[in-house]
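Listed below, chain by chain, are the residues.
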Amino acid sequence: FASLLEKVLSTTENELILCAGSHIIKTENENPIEITMKVISIQCAIYGECSITGPGKHFHISGAQSKVTVSGIKFIEATETAVYMESYAGEATLCYCFFIGNEQTNGPQGASIFARRYTFLYVHFCIFMENEAKKGSAIFSVGLAEISYSEFIENEGNVAFIRGDSVISYSTFSG
């Protein structure tokens, strides 16, 4: 996990491509990957063949100038929020990602994605499976959210808690 964190923080490029088969284990003591005031795309070379597994937060996005795109990564077993966006954190686009077995144990909301006020969240072609939180086991957003072509399978609690000018389209909910 530390090596990915180091790459995200040190890259001067706007793109970071992970090799297929990159499976990163995060331990309890490691901080999340902090993305602050950065324009970056983090992609897995083959969708679904890269993962981050472990407790706490996985990504923490902040800073109004942030524009983050994440593609093809599995977020597994986060215990706070897999992807967290602070208020005024700019924009995050998540495409072809998987959120599996994330559980909010540090509060009642946002096991997989937690987007605070004045954020722009775009979620397309993602799968949310077996996540758990009282509010927003898959997505908790009080900013602008656009969710499309995603699947929500056997999540516990309120699956999507969304306020503001937001749209969910062409998505399925089951279980």
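Use the structure listed above.
All values derive from a computational prediction rather than experimental measurement.

*Asks:* What is the right way to look at a nonpolar patch on the surface in this model?
*Replies:* Judged by side-chain polarity, Y47, Y96, F125, Y149 and Y170 come together as a nonpolar surface patch covering roughly 580 Å² of accessible area. Looking at Y96, the relative accessible area reads 34%, which means it is partly exposed.

*Asks:* Any chance you could explain the nonpolar core here in plain terms?
*Replies:* Most often, soluble globular proteins have nonpolar side chains that are buried together. Formed by 37 residues in total, the largest nonpolar core has its most connected members in F75, L94, F99 and L121. When residues in this core are grouped by element, the largest group, three residues, is from strand β4 (residues 39-44). In this structure, F99 is in contact with F75, A82, V83, L94, S112, I113, C126, I127, F128, M129 and N131, ignoring residues within four places of it in sequence.

*Asks:* Would you take a moment to explain the state of the cysteines for this structure?
*Replies:* Linking two cysteines covalently through their sulfur atoms gives a disulfide. As enumerated under the stated definition, the model contains one disulfide in all. Free of any disulfide, C95 has its nearest cysteine sulfur in C126, 6.5 Å distant. C95 gets classed as buried once you look at its relative accessible area, which sits at 16%. Here C126 stays unpaired: no disulfide links it, and the sulfur of C97, its closest cysteine neighbor, is 4.8 Å away.

*Asks:* What am I meant to see in the sheet that holds strand β19 (residues 167-169) here?
*Replies:* Picture the strands of a sheet paired through backbone hydrogen bonds; they go either parallel or antiparallel. Across the sheet, which stays open at both edges, the seven strands sit in the order β1-β4-β7-β10-β13-β16-β19 with parallel pairing between neighbours. Of all the strands in the sheet, just β1 (15-18) and β19 have a single pairing partner and so form its edges. For this sheet, the mean angle separating the axes of adjacent strands, direction not counted, is 5 degrees. As paired strands, strand β10 (residues 90-95) and strand β13 (residues 119-124) are joined by six bridges and run parallel to one another.

*Asks:* Explanation requested: the sheet that holds strand β20 (residues 172-174) in the structure shown.
*Replies:* The strand order across the open sheet formed by seven strands is β2-β5-β8-β11-β14-β17-β20, and the pairing between neighbours is parallel. With partners counted over all chains shown, the strands left at the sheet margins are β2 (23-25) and β20, one partner each. Sheet twist, expressed as the average angle between the axes of neighbouring strands with direction ignored, equals 10 degrees. Sheet topology places strand β17 (residues 151-153) next to β20; three bridges connect them, and they run parallel. Bridged to I153 within β20 is S174.

Calculation criteria
- Residues numbered from 1 in each chain as written.
- Predicted model: local features only at pLDDT ≥ 70, side-chain atom pairs only at ≥ 80, totals over all residues.
- Heavy atoms only, no water.
- Patch = residues over 30% accessible without salt bridge, like charges linked within 9 Å, V, L, I, M, F, W, Y side chains within 5 Å.
- Areas by Shrake-Rupley, 256 points an atom, 1.4 Å probe, with all protein chains shown as cover.
- Salt bridge = Lys/Arg side-chain N within 4 Å of Asp/Glu carboxyl O.
- Buried < 20%, exposed > 50% of the residue type's maximum accessible area, 1.4 Å probe, protein only.
- Core = buried A, V, L, I, M, F, W, Y, C linked by side-chain atoms within 4.5 Å.
- Helix = DSSP H or I, 4+ residues; strand = E, 2+ residues; numbered from the N terminus.
- Contact = heavy atoms within 4.5 Å.
- Disulfide = S-S within 2.5 Å.
- Pairing = 2+ DSSP bridges.
- Axes fitted to C-alpha atoms, helices over the stretch in contact; angles between N-to-C directions.

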